[in-house]
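# What the coordinates show
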Amino acid sequence: MTLVAGVDTSTQACKVVVRDAETGELVRSGRAPHPEGTAVDPRAWEEAFRTAAAEAGGLDDVDALAVGGQQHGMVCLDERGEVVRDALLWNDVRSAPAAADLIRELGDGDEDAGRRAWADAVGLVPVASFTATKLRWLADAEPGNADRTAAVCLPHDWLTWRLQADRDLGALVTDRGDASGTAYWSARTGEYRLDLLERAMRGRRPAVPRVAGPAERVGTLAGGRAALGPGTGDNAAAALGLAARPGDVVVSIGTSGVVSAVTPTAVADVTGTVAGFADATGNHLPLVATLNAARVLDAAAALLGVDHATLSDLALSAPSGADGLVLVPYLEGERTPNLPHATGSVHGLTLRTSTPAHWARAAVEGLLCGLADGIEAVVAQGVDVQRVMLIGGAARSAAVQQLAPGIFGRPVLVPPPGEYVADGAARQAAWVLSGADTPPEWPQPGLQEFDAPAATHVRERYAEVRGRTDGQ
């Protein structure tokens, strides 16, 4: 049996899976936690990898390995390859003012012109998540550290580099999927925009990783025999692990909600709603993120004093549309639409709708309508969406599974719970070994399909009241 390993170096933990390269069958796995916080010493990721790999039985018998990881983080290295400062993670928002500054600057003071210029240049509009904005923050807040920065890379780039025998800065590599979230690499052209990197760094131009091909061997595991794949960002790795194809959209319902679609065409949304990312296969992965997802159900369950299974049963016992009761679930502000100060709102509350079942139904439908808005934003960019793949913690809810097809207006596929990012990295590793033009076809046991008539009345009622909330 030929074995491959996939690594997910995520915000919270490192997961390692070892799989059969031919069939994808899981052989063994391991896990180790990462430190909390939004600024982390990258060396903790390497320590966690070593622990997770040992828990997975070691890698001596593995023939290839690839790393999937949290996107956007800023890892700065000096000329000796030493870490300059703790890495800023994607969820560190201290660079939000820098994002606004970069937009205005590229538009010569005109914000709308700046948005168009960024979208044309790199397929996205800066927000605090993206690496370029963090580099601007570094240049302004810590100019000494900016001066020391000889190279900048992403979390998965750094771990891949640390795992290979050659640790010269020139050996840094990344891939299209992760590079497309930096705001200084274009998925449309396949080229870095080093002028934008230099703009972000106030005239400095550190080295950046080479962008490797999707199935390129980029090195060998230090102390072992395993070939190293280029790896990719977590969203692209998850799509690869799910074998998503053009026409598919992956909807992840976790702490945040993510809508990402596989398409052969590059996307550039001047509103910034859709980020024009690339995937791990040579296609594109336009993506929409929402702040309010699974925790909407947590809040509804807490309000009603029930567990999640009971919340699901209650929701399914109420009529479609909850007799006009609508929850607009902006419980933590919102990113899509961009309403950071918005609050949640309830509409259509009457004696008739003041029941636990109606509340539960409104919570599930409100959550799904917010994600459906994300799907339609992708469709508005000309992306063909035929079916939805539903993942994340809330995807286990029977109510979410059964109501999603009607609200999304498309069939919904629900795979069994799994480590999709690590699995995608393992599939890439198997692809590196095969030398084939396309990734290996691994079976997907346990895939459930749900379908239902389009619930247009639910979407229409939600759209009617969506803008009536504080903080608009």
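Residues numbered from 1 in each chain as written. Predicted model: local features only at pLDDT ≥ 70, side-chain atom pairs only at ≥ 80, totals over all residues. Heavy atoms only, no water.

## Remarks on unusual backbone geometry
Cis peptide bonds are those with omega within 30 degrees of zero, and the linkage from Thr336 to Pro337 qualifies with 5 degrees. In this structure, Pro337 sits in the loop between strand 20 (326–328) and strand 21 (345–347). (Helix = DSSP H or I, 4+ residues; strand = E, 2+ residues; numbered from the N terminus.)

## Quick notes on the sheet that holds strand 18 (residues 275–278)
Across the sheet, which stays open at both edges, the seven strands sit in the order 18-19-17-16-22-23-24 with mixed pairing between neighbours. Edge positions in the sheet fall to strand 18 and strand 24 (448–450), since each of these pairs with one other strand and no more. In this sheet, neighbouring strand axes are inclined to one another by 25 degrees on average, regardless of whether the strands run parallel or antiparallel. Where strand 17 (residues 257–261) meets strand 19 (residues 284–290), four bridges bridge the pair, whose relative direction is antiparallel. By the bridge assignment, Gly257 is partnered in strand 19 with Thr290. (Pairing = 2+ DSSP bridges. Axes fitted to C-alpha atoms, helices over the stretch in contact; angles between N-to-C directions.)

## Brief notes about the pairing of strand 19
With seven of its seven residues buried, strand 19 lies for the most part within the structure. Residue alternation in strand 19 divides its side chains into two sets, His284, Pro286, Val288 and Thr290 and Leu285, Leu287 and Ala289, and both sets are buried. Turn length for the strand 18-strand 19 hairpin, with the two strands adjacent in sequence and antiparallel, is five residues, and the turn residue Gly282 shows positive phi of about 115 degrees. (Buried < 20%, exposed > 50% of the residue type's maximum accessible area, 1.4 Å probe, protein only.)

## Some words on helix 9 (residues 234–241)
Taken together, the buried positions of helix 9 are occupied by Ala236, Ala237, Ala238, Ala239 and Leu240. Of the residues trailing helix 9, Ala243 is marked for its positive phi of about 55 degrees.

## With respect to the state of the cysteines
Applying the stated criterion across every chain, the model contains zero disulfides. Residue Cys14 stays outside any disulfide, its sulfur separated by 16 Å from that of Cys153, the closest cysteine. (Disulfide = S-S within 2.5 Å.)

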